[in-house]
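Report on the structure
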Amino acid sequence: MPVCDIRRLMEDAATNNRAVGAFSVGNMEMVLGAVKASLELKTPIILQIAEVRLKTSPLEYMAALMLAAAKKSSVPIAVHFDHGLDENTVYKALSLGFTSVMLDASLLPFEENIAITKRVVKKAREYGAFVEAELGVVGGSEGGSKAHKINCTDPLLAAEFCERTGIDALAVAIGNAHGNYPILPSLRFDILEALNKTCPVPLVLHGGTGMTDDMFRKAISLGIRKINIATASFDNLAKSAKAYTDSTKKADYFTLSAHMADGVYENVKKHIEIFNN
Ligand code: 13P
C-alpha cells in the first residue's frame with residue numbers, strides 16, 4: 001500500500017479520541033519491532049527519525065528502510081522526519097519521500113520561527129507533505145546532547161503562529177521534556193486545555209518517555225493527537241540486547257538482532273495500547 005497520509009491518521013485519532021504513536025527508529029531492528037507491534041494490534045503508527053540521529057543512522061539509508069516498511073505494511077504506517085533543525089535537511093527528507101516533516105525552530109525568536117516555518121510549509125506543499133512545528137520550548141533535547149530549559153507555549157501566540165505559518169500540527173511545551181525524567185513531570189494541563197481551544201490544528205506531545213498512563217490519557221482528552229516516544233525504545237532495545245549477551249557465552253548476530261527488535265516491539269506495543277485509549 002502507499003505510504004499512509006498522516007492527515008488521515010490525525011483525523012481518525014480526533015474522531016476516536018485517541019492519539020497516534022510516533023515511534024523513533026534508528027536501525028532495521030527498531031523498524032521491525034515497531035511494525036510488528038502495529039500489525040499485531042492492527043493500529044496505524046508513525047515511524048520517525050530526528051535530525052540528531054543522522055550521525056549514526058544516515059538519512060538515505062533510513063528513508064529507504066522506513067518507506068519500504070510503510071509500503072509493505074497491511075496496516076497504515078506514516079513516515080515522519082522529526083526535529084529538523086536545518087531547513088535544508090528537511091528539504092532533503094522531502095525529496096527522499098518523507099510525507100511528513102517537523103521543522104524545529106523553537107529556539108529562535110517568534111518572528112524568525114514564523115519566517116522559517118513558512119518557508120518549509122511552502123516547500124512541503126510542493127510534495128503534498130504534512131508539516132509540524134514547535135512553539136515554546138520542550139525541555140532537554142532529542143538525543144540528550146543539550147539541556148534546553150522548558151518554556152511553556154503561549155496559547156494566544158500559538159493561535160497566531162498556526163494562522164500565519166499554515167502548519168498542519170503543533171508541538172506544544174507544557175512541562176514535557178525529552179529523555180528520561182529525573183522526577184515525574186508535572187504537566188500544565190491548564191495550558192494544554194487553552195491551546196486546544198485556541199489552536200486550529202492537531203497538537204503533538206513530545207517527550208513521551210516516562211509519562212504515566214494517566215498523563216497520556218488526560219493529554220489525549222485535551223487534544224493531543226500524536227505522541228512521540230524515542231528514549232524508551234532505544235533503552236528497551238539496549239536492555240533486551242544486554243539480557244541476551246549476558247545470558248550466553250557466545251552471542252550470535254541473528255539471535256541478537258531478534259532480541260533488539262523484541263525490545264522495541266514490547267515498548268511500542270505497550271504505548272499503542274495506552275494511546276488507543
Ligand atoms: P522521548 O525520548 O522523551 O521519548 O521523546 C521523544 C520525542 O519527543 C521525539 O521527538
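So, here is what we can say about the structure in this document. Everything numeric here is computed off the predicted structure, so don't read it as measured data.

Taken as a whole and judged by the stated rule, the model has zero disulfides. Left without a disulfide partner, Cys-152 is nearest to the cysteine sulfur of Cys-199, which lies 14 Å away. Assessed through its relative accessible area of 25%, Cys-152 is described here as partly exposed. Here Cys-162 is not cross-linked by a disulfide; its sulfur's nearest cysteine counterpart is in Cys-199, at 4.2 Å.

Moving on to the environment of Ile-46. With respect to the helices, strands and loops of the structure, Ile-46 is situated in strand 2 (residues 45-50). Distance in space between the C-alpha atoms of Ile-46 and Ile-77 is 5.6 Å, their sequence separation being 31 residues. Apart from residues lying up to four places away in sequence, Ile-46 is in contact with Ile-6, Leu-9, Met-10, Val-20, Gly-21, Ala-22, Phe-23, Ala-78, His-80 and Lys-226.

Attention shifts here to the nonpolar core. Ranked by size, the top nonpolar core spans 78 residues in total, and within it Leu-47, Phe-98 and Leu-170 carry the most contacts. Other than its neighbours up to four places away in sequence, Leu-47 contacts Phe-23, Val-25, Val-31, Ala-34, Val-35, Met-66, Ala-69, Ile-77, Ala-78, Val-79 and His-80. The next biggest cluster of nonpolar side chains, apart from the first, holds 14 residues, and it includes Leu-9, Ala-22, Ala-171 and Val-204.

Now for the packing of aromatic side chains. Taken as a whole and judged by the stated rule, the model has five aromatic pairs. Joined through ring pairs, the aromatic side chains of Phe-23, Phe-216 and Phe-275 make up one cluster. A cation over a ring is seen here: Lys-123 above Tyr-91, with NZ or CZ 5.9 Å from the ring centre. In this structure, Lys-218 packs its charged tip against the face of Phe-189, placed 5.8 Å from the ring centre.

For the structure shown, the criterion picks out 15 salt bridges. Among the salt bridges present, the one from Asp-12 reaches Arg-18, with a minimum N-O distance of 4.0 Å. The class of Asp-12 is partly exposed, set by a relative accessible area of 37%. Put simply, Glu-160 and Arg-164 hold a salt bridge, and the shortest N to O gap is 2.7 Å. Of this pair, Glu-160 and Arg-164 both sit in helix 6 (residues 155-165), four residues apart, which is roughly one turn of the helix. Members of the salt-bridge network, linked through shared partners, are Glu-111, Glu-160 and Arg-164.

Turning next to unusual backbone geometry. Even without being glycine, Lys-42 reaches a positive phi, approximately 50°. Looking at the element boundaries, Lys-42 is found in the loop between helix 2 (28-40) and strand 2. Overall, the relative accessible area of 68% leaves Lys-42 in the exposed class. Even without a glycine there, the phi angle at His-83 is positive, about 45°. In this structure, His-83 sits in strand 3 (residues 77-84).

Another point: the side chain of Asp-82. Residue position: Asp-82 is located in strand 3. No salt bridge is formed by the buried Asp-82. Its closest oppositely charged neighbour is Lys-226, at 4.9 Å. Setting aside its immediate chain neighbours within four residues, Asp-82 contacts Ser-24, Gln-48, Ile-49, Ala-50, Glu-51, Met-102, Glu-142, His-206 and Asn-228.

Once that is clear, we can look at the pairing of strand 1 (residues 20-24). On a regular strand, each side chain points to the face opposite its neighbour's, so the side chains alternate between the two faces of the sheet. Burial analysis of strand 1 places five of its five residues in the buried class, the great majority of the element. The alternating pattern of strand 1 places Val-20, Ala-22 and Ser-24 on one face and Gly-21 and Phe-23 on the opposite face, and all of these are buried. Across three bridges, strand 1 lies against strand 2 in parallel orientation. In the strand pairing of strand 2, Ser-24 is matched with Gln-48.

On to the packing of helix 2 against helix 3 (residues 59-72), then. The geometry of helix 2 relative to helix 3 is characterised by a closest axis approach of 10 Å and an angle of 20° between their N-to-C directions. Relative to helix 3, the element helix 2 is oriented roughly parallel. Read as a crossing pair, helix 2 and helix 3 show a hand that is right-handed. From helix 2, Met-28, Val-31 and Val-35 reach across to helix 3, where they touch Leu-65, Met-66 and Ala-69.

Close to the ligand lie 15 residues, the nearest being Asp-82, Glu-142, Gly-207, Thr-209 and Thr-231. With respect to the ligand, the side chain of His-206 contributes an N or O atom lying 3.0 Å from an oxygen atom. Within the side chain of Thr-209, one N or O atom sits 2.5 Å away from an oxygen atom of the ligand. Expressed as a share of its isolated accessible area of 310 Å², the protein-covered part of the ligand is 99%. The class makeup of the residues in the shell around the ligand is three nonpolar, 10 polar and two charged.

About the thresholds
Residues numbered from 1 in each chain as written. Predicted model: local features only at pLDDT ≥ 70, side-chain atom pairs only at ≥ 80, totals over all residues. Heavy atoms only, no water. Disulfide = S-S within 2.5 Å. Buried < 20%, exposed > 50% of the residue type's maximum accessible area, 1.4 Å probe, protein only. Helix = DSSP H or I, 4+ residues; strand = E, 2+ residues; numbered from the N terminus. Contact = heavy atoms within 4.5 Å. Core = buried A, V, L, I, M, F, W, Y, C linked by side-chain atoms within 4.5 Å. Phe/Tyr/Trp six-rings, centres within 6.5 Å; stacked < 30°, edge-to-face > 60°. Lys NZ or Arg CZ within 6 Å of the ring centre and 35° of its normal. Salt bridge = Lys/Arg side-chain N within 4 Å of Asp/Glu carboxyl O. Lys, Arg positive; Asp, Glu negative; His and termini not counted. Pairing = 2+ DSSP bridges. Axes fitted to C-alpha atoms, helices over the stretch in contact; angles between N-to-C directions. Parallel < 35°, antiparallel > 145°, perpendicular 65-115°, else oblique. Left-handed = near helix turned anticlockwise from the far one by under 90°. Near = heavy atom within 4 Å. Polar contact = N/O pair within 3.5 Å; in protein donor to acceptor, adjacent residues only side chain to side chain. Areas by Shrake-Rupley, 256 points an atom, 1.4 Å probe, with all protein chains shown as cover. Nonpolar A, V, L, I, M, F, W, Y, C, P; charged D, E, K, R; others polar.

Read these as layout, nothing more, since geometry by itself doesn't imply function.
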